[in-house]
Amino acid sequence: MTQYDYIKDIAKYGLENDYEKLFQALNELVDYSKKSNKVNFAIQLQSILKESIRQQQVSGLSIVGSPKHILKEDERELADLILEKLTSDYRLKDLVCTENVISELQHFIKEHQFLDLLNKFELPVSNKVLFHGPSGCGKTLAAYVLAGELEKLMIVVNLGAIVSSKLGETSKNLAKIFKRAASENAIIFIDELDSLGKVRDYSQDHGEMKRVVNTILQLFDYLPKESLIIAATNQINMIDEALRRRFDLVLELEKPDERHVKELIDKTLQSGHFVFKNKKEVNDIIKQSLGLSYYTIQKTLITAIKRSLFEQVDKDAIVTVINAQTWKELIAQEQLNLAK
Ligand SMILES: Nc1ncnc2c1ncn2[C@@H]1O[C@H](COP(=O)(O)OP(=O)(O)OP(=O)(O)O)[C@@H](O)[C@H]1O
Ligand SMILES: [Mg+2]
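The notes below deal with the structure included here. (Residues numbered from 1 in each chain as written. Chains lettered and ligands numbered in written order. Predicted model: local features only at pLDDT ≥ 70, side-chain atom pairs only at ≥ 80, totals over all residues.)

### Concerning unusual backbone geometry
Reasoning step 1: A positive phi angle, close to 60°, is found at Asn17, a residue other than glycine.
Reasoning step 2: You will see that Asn185, though not glycine, has its phi angle at about 55°, which is positive.
Reasoning step 3: Mapped onto the secondary structure, Asn185 falls in the loop between α9 (170–183) and β4 (187–190). (Helix = DSSP H or I, 4+ residues; strand = E, 2+ residues; numbered from the N terminus.)

Right under this line is the structure:
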C-alpha cells in the first residue's frame, strides 16, 4: 500500500463513521510512516490517536464527582500545564558548542539508543539532563536537538503556570504530567526550572517550596528508565542543591568564542544565497561581537541580510552580498545595549 491508499481508507471510514476501521487504518499509517522514515509524522499521528482515545473516554455529560467527571477535569487542567507537544527536526549539527558538550550529548543519546543493551546487563540509564548558561546560548535549542536525535515526542511543561496557579496542587499536577509523559513515551522538557524558586515569593506558606521540590525529587527517583527529563535554566544558583544533584548530566552552554561565531555564521549562511565580500571585515566584526549571545549575533546577521536584500537593485539575483557595515553597526548597538 502507498500513503495515498491509507489516506483513501481513512477518508472512507471517517465519512462512513466506522470508527473501528478508521482507527485501524490510522494505526497502519503510523506503522507505515515509521518504516518509511517519516518518524516525526508517525509520532505526531500516534499522539493525536492517543489523545482522541482519551477524549472519548471522558466525553459526554457526567455527574459531578463521578470518576468520569474527575477524569474530565484532570484533562482540562493538564492541558493548561502543558505548553506544547512537539516533535523536532533539529540535529546535533544545528548546535554550535564546545567539543565537550557535543561529546557529552552524543553519549547521552547513545544511552537511549542502546537502552536494551543497558537493561540486559541491568546497568543504570542516564535520563535526566540540565542545561544552564546565559540567555540565547542554545539551552532550548539543545532540548530540541535531543528530541530530534532521539525521535521522540517532547512535552514542554509550563512550570510557571504550575507554580503560580493553585499552589497546593503543584505537586499533584507535576505527578500527572510525569505519568502522562511515561504513557506516551515522551520527553518532558521543563524550561525555566528556576521558576520553582519563585514558589517562595508567591506562597505565604514557606513549606510549599519544599513540598514541590520534594515531589520533583521523588518523581526523579522513581522515574522509569525509558522516561527522559530535560530541564533548562539561566539561573543555576536558584536551583536547590538536592535537585541539581539528581541530574545525571549538567551541561553549561556558554557564550560563543571567535571560532564558534565563525561556525554560527557558516551555518546561518549555508544556503549560499548570501555571502560576504571581504573576509578581513568579517573577522573584525567577529572580534567585535564577543560577549554577545548566539541569538543576538544571529539575529543581527539576519537583519543585515534582509537590509542588504532590500538595498539590492537586482531583486532576482541568485547571490546577495551582505553589507558588512550594516551588520557592524547592529553589533555595535547590541554591545551598547549590553553595557547599559
Ligand atoms: N549554541 C547555539 N548554536 C546555534 N544556534 C544557537 C545557539 N544558541 C542560540 N542559537 C540561536 O538562537 C536561538 C535562541 O536560542 P535558545 O532559545 O536555545 O536560547 P536559550 O539558551 O534557551 O535562551 P533563554 O535562556 O533566553 O531561554 C536558537 O533558536 C538559535 O537560532
Ligand atoms: Mg530557552
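### So, the packing of helix α1 (residues 3–15) against helix α2 (residues 19–35)
Reasoning step 1: Two elements in contact, α1 and α2, have axes separated by 8 Å at closest approach and are oriented at 160°. Of the possible angle classes, the one that applies to α1 and α2 is roughly antiparallel. At the point where α1 passes α2, the crossing takes the left-handed sense. Residues Gln3, Tyr6, Asp9, Ile10, Tyr13 and Gly14 of α1 pack against Lys21, Leu22, Ala25, Leu26, Glu28, Leu29 and Tyr32 of α2.
Reasoning step 2: Split into classes, the residues belonging to the contact of α1 with α2 amount to eight nonpolar, two polar and three charged. (Axes fitted to C-alpha atoms, helices over the stretch in contact; angles between N-to-C directions. Parallel < 35°, antiparallel > 145°, perpendicular 65-115°, else oblique. Left-handed = near helix turned anticlockwise from the far one by under 90°. Contact = placed C-beta atoms within 7 Å. Nonpolar A, V, L, I, M, F, W, Y, C, P; charged D, E, K, R; others polar.)

### Overview of the sheet that holds strand β2 (residues 128–132)
Reasoning step 1: Taken together, six strands build an open sheet; the order of strands is β1-β3-β4-β5-β2-β6 and the sheet is mixed. One side of each edge strand has no neighbouring strand; the edge strands of this open sheet are β1 (82–86) and β6 (249–252). Between one strand axis and the next, the sheet turns through 20° on average, direction left out of account.
Reasoning step 2: By the bridge criterion, four bridges tie β1 to strand β3 (residues 154–157) in an arrangement that is antiparallel. Considered in β3, the bridge of Leu86 is made with Met154.
Reasoning step 3: Packing of helix α5 (residues 99–113) onto the sheet brings it into contact with β2, β5 (228–233) and β6, and relative to β6 it is tilted by some 150°. (Pairing = 2+ DSSP bridges.)

### Describing α1
Reasoning step 1: For α1, which comprises 13 residues, the first-to-last C-alpha distance of 18 Å matches the rise-based estimate of 18 Å (1.5 Å per residue) to within 8%.
Reasoning step 2: Backbone geometry just after α1 places Asn17 at a positive phi near 60°. (Expected span 1.5 Å × (residues − 1).)

### Considering the nonpolar core
Reasoning step 1: Counting 64 residues, the largest nonpolar core has Ala143, Ile155, Val157, Ile187, Ile188, Phe189 and Ile230 as the members making the most contacts within it.
Reasoning step 2: Apart from the residues lying within four places of it in its own chain, the contact partners of Ile187 are Leu146, Ala147, Lys152, Met154, Ile155, Leu228 and Ile230. (Core = buried A, V, L, I, M, F, W, Y, C linked by C-beta atoms within 7 Å. Buried ≥ 20, exposed ≤ 12 C-beta atoms within 10 Å, placed from the backbone.)

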